[in-house]
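Inside the fold
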Amino acid sequence: MAESHNMLPKGNITRAQASKTEVLMRDIIEQKSMNNKRLTREEILYLVTNLKNLEIREWIYKTADSVRKKYMTDTVFLRGIIEFSNICSKSCLYCGINSRIKNVERYRMEKEEILETCFQIKKNGQTTVVLQSGEDPYYTKEKMGEIIKAIKEQTELAVTLSVGERDEETYLYWKNCGMDRYLLRFETSNREIFKKLHPDGDFDNRINCLKVLKKIGVQTGSGFMIGLPGADDNDLVNDINQCRELDLDMIGVGPFIAHPETELKEEFIKHEIDYITGVIAILRLTNPDSHIPATTAFDAVLEYQGRQLALKRGANIFMPNSTPQKYRKSYQLYPGKPCVDESGDDCASCVVGRITSIGRTIGKGPGHSMKRG
Ligand code: SAH
């Protein structure tokens, strides 16, 4: 194997010895990932620090793709996402629909309209609906419960919710109404950064929500944003480690993209697609049997290609936008979000082409967790 350039001999270690150590490191990582053994912090750090090394990065992509194939097969499951309300009581600094943003038209979808959209999702061969919104208290425990029950009774879709932090009683109630899964990103494992970005949030409460969801038997997804202001390689290693520690059914990550209406726009460093898809690859190496979506924000970094690249480098889930077209321009958490002018049907047919063009097949069943099923 050729030598890399950033691990040239230091002190009295010869070039050949350095190269040998590195090859050994890659062998260990490959063996562990292929056998779903946990990587050490040092091994994750090796992967993260070498994401800018072209040769090692190619190896990371290739190995992640093999691990994905072994554990998750060539099947890509489709989860149609409905962004059903952009009303939010929180003021997360990074988010384009946070409560302080004035320049956005606020909307809510009622049960009937959500159900209509679910029928479209089902018709288009998507087997899960993901209901996402701001933290909108209008959707009480009971109101949300009614929506979940109606979807389960009338469509049999798997139901995922992503509506923020609620209490255990509410999560349990929704589970009993038929909720299958829940997505709640921890956003960053760095408490300082978390505090700064969430003036009205609490890191421990968020982690506790994830533990509660797992405890009551809901398939649980979490993740973080790549490249938040102030985060360094060490934080990225911790973020990746945190995902494995939480033993997640689904891991959703995406690049942070500064919204022009937020104060974070000054601190924005745009990461290359090869770097951020490298993070997907490392997550696959560290979590062989978790579902990993190619999230929408990858397309905001590389139009039309970003999500395909993520799928080729470890991801196995695609979440077509199924939000009715008229609401899409009002759910822009970050600029450059794709498909704002498309309809749910447009996205549904486009996505099939994107997946089959890279030699993958569309999942037919609900695509439940490989860990708990
Ligand atoms: N209210 C729900 C849904 C939040 S939106 C909740 O709290 O879970 C879904 C995700 O979008 C967030 O978890 C965050 O990781 C991501 N997001 C928000 N603003 C973003 C930005 N500017 N750039 C990239 N991702 C962003």
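Residues numbered from 1 in each chain as written. Predicted model: local features only at pLDDT ≥ 70, side-chain atom pairs only at ≥ 80, totals over all residues. Heavy atoms only, no water.

Let us now look at the overall build of the protein chain. If you tally the helices and strands in the protein chain, you get 14 helices and 11 strands. The C-alpha atoms of the protein chain give a radius of gyration of 20 Å, which matches the 21 Å a tight globule of 373 residues would have. For the C-alpha atoms alone, the extent of the protein chain along its principal axes is close to 70 × 40 × 40 Å. In the protein chain, buried positions account for 57% of the 373 residues. Contacts in the protein chain between residues at least 24 apart in sequence constitute 75% of all its contacts with a sequence separation of at least 6. When the accessible area of the protein chain is evaluated, it comes to approximately 15,800 Å², of which 51% is carbon and sulfur surface. In the protein chain, 54 side chains carry a positive charge and 52 a negative one; their mean positions are 3 Å apart. (Helix = DSSP H or I, 4+ residues; strand = E, 2+ residues; numbered from the N terminus. Rg over C-alpha atoms; globule rule 2.2 N^0.38 Å. Buried < 20%, exposed > 50% of the residue type's maximum accessible area, 1.4 Å probe, protein only. Contact = heavy atoms within 4.5 Å. Areas by Shrake-Rupley, 256 points an atom, 1.4 Å probe, with all protein chains shown as cover. Lys, Arg positive; Asp, Glu negative; His and termini not counted. Charge placed at Lys NZ, Arg CZ, Asp CG, Glu CD.)

To continue, consider the packing of helix α4 (residues 111-123) against helix α5 (residues 141-155). Close contact between α4 and α5 brings their axes to 10 Å; oriented N to C, the two are set at 35°. Along this stretch, α4 crosses α5, giving a crossing that reads as right-handed. Here Lys 111, Ile 114, Leu 115, Cys 118, Phe 119 and Lys 122 of α4 lie close against α5, whose contacting residues are Glu 146, Ile 147, Ala 150, Ile 151, Gln 154 and Thr 155. (Axes fitted to C-alpha atoms, helices over the stretch in contact; angles between N-to-C directions. Left-handed = near helix turned anticlockwise from the far one by under 90°.)

Bringing the pattern of salt bridges into the picture now. For the structure shown, the criterion picks out 28 salt bridges. Connected through salt bridges with shared partners, the residues Asp 65, Arg 68, Lys 69 and Asp 74 form a single ionic network. (Salt bridge = Lys/Arg side-chain N within 4 Å of Asp/Glu carboxyl O.)

This part covers the confidence of the model for the protein chain. Overall, the prediction assigns the protein chain a mean pLDDT of 94, with 96% of residues at 70 or greater. A low-confidence stretch, residues 1-9 (pLDDT under 50), is modelled with 25 contacts involving residues beyond four sequence positions or located in other chains. (pLDDT = per-residue confidence, 0-100.)

Another point: the site of the ligand. Lining the immediate surroundings of the ligand are 17 residues, of which Tyr 94, Ser 133, Arg 185, Glu 187 and Ile 257 lie closest. Between a nitrogen atom of the ligand and a main-chain N or O atom of Ile 257, the distance comes to 2.8 Å. Between the ligand and Leu 333 there is a distance of 3.5 Å, counted from a nitrogen atom to a backbone nitrogen or oxygen. When the ligand sits alone it has 550 Å² of accessible area, and the protein chains cover 91% of it. In terms of residue class, the shell around the ligand is made up of nine nonpolar, five polar and three charged. (Near = heavy atom within 4 Å. Polar contact = N/O pair within 3.5 Å; in protein donor to acceptor, adjacent residues only side chain to side chain. Nonpolar A, V, L, I, M, F, W, Y, C, P; charged D, E, K, R; others polar.)

With that settled, consider the packing of aromatic side chains. Under the defined criterion, the tally for this structure stands at eight aromatic pairs. Between Phe 84 and Tyr 139 the ring centres are 4.8 Å apart and the planes differ by 90°, which places this aromatic pair in the edge-to-face class. One end of the pair, Phe 84, is in strand β1 (residues 75-85); the other, Tyr 139, is in the loop between β2 (128-133) and α5, with 55 residues separating them in the sequence. With respect to class, Phe 84 is no different from Tyr 139; both count as buried. Note on Tyr 171 and Tyr 182: the rings are 4.8 Å apart at their centroids and 65° apart in plane angle, and the pair reads as edge-to-face. With Tyr 171 in helix α6 (residues 168-177) and Tyr 182 in strand β4 (residues 181-183), the pair connects residues that are 11 residues apart, well separated along the chain. A relative accessible area of 0% means that Tyr 171 is categorised as buried. (Phe/Tyr/Trp six-rings, centres within 6.5 Å; stacked < 30°, edge-to-face > 60°.)

Here the focus is the environment of Asp 27. Mapped onto the elements, Asp 27 comes out in helix α1 (residues 15-34). Accessibility expressed as a relative area gives 43% for Asp 27, which makes it partly exposed. Sequence-wise, Asp 27 and Leu 115 are 88 residues apart; in three dimensions their C-alpha atoms are separated by 50 Å.

Time to look at the nonpolar core. Membership of the largest hydrophobic core comes to 101 residues, with the highest contact counts inside it found for Leu 131, Ile 151, Leu 161, Tyr 182 and Phe 224. Considering every element that reaches this core, the biggest residue donor is helix α10 (residues 273-286), with nine residues. Phe 77, Ile 81, Val 130 and Ile 317 belong to the second-largest nonpolar core, a separate cluster that totals five residues. (Core = buried A, V, L, I, M, F, W, Y, C linked by side-chain atoms within 4.5 Å.)

A word on unusual backbone geometry. Positive phi is not limited to glycine here, since Asn 36 has a value of about 55°. In this structure, Asn 36 sits in the loop between α1 and α2 (41-49). The residue Asp 247 is not glycine, and still its phi comes out positive at about 50°. Mapped onto the secondary structure, Asp 247 falls in the loop between α9 (233-245) and β7 (250-251).

Right, let's talk about the pairing of strand β5 (residues 219-222) for a bit. Across the two faces of β5 the burial is the same, with Gln 219 and Gly 221 and Thr 220 and Ser 222 all buried. Inspection of the sheet shows β4 paired to β5 by three bridges, in the parallel sense. Considered in β5, the bridge of Leu 183 is made with Gly 221. (Pairing = 2+ DSSP bridges.)

Counting buried positions along β1 yields 11 of 11 residues, so the element is predominantly enclosed. Where β1 lies against strand β11 (residues 361-362), two bridges are found, and the strand directions are parallel. When the bridges of β11 are listed, Thr 75 appears paired with Thr 361. Handedness of the crossover is the feature at issue here: the chain leaves β1, passes through α4, returns alongside β2, and the resulting connection is right-handed. (Right-handed = clockwise from strand over helix to strand, strands pointing away.)

Moving on to the packing of helix α3 (residues 54-72) against α10. Interaxial distance between α3 and α10 falls to 8 Å at its minimum, and their mutual angle equals 45°. What the angle tells us is that α3 and α10 run oblique. Remark: the crossing between α3 and α10 carries left-handed chirality. Contacts between α3 and α10 pair Arg 57, Ile 60, Tyr 61, Thr 63, Ala 64, Val 67, Arg 68 and Met 72 from the former with Asp 274, Tyr 275, Thr 277, Gly 278, Ala 281, Ile 282, Arg 284 and Leu 285 from the latter. Along the lines of polarity and charge, the residues of the contact of α3 with α10 split into nine nonpolar, three polar and four charged. (Parallel < 35°, antiparallel > 145°, perpendicular 65-115°, else oblique.)

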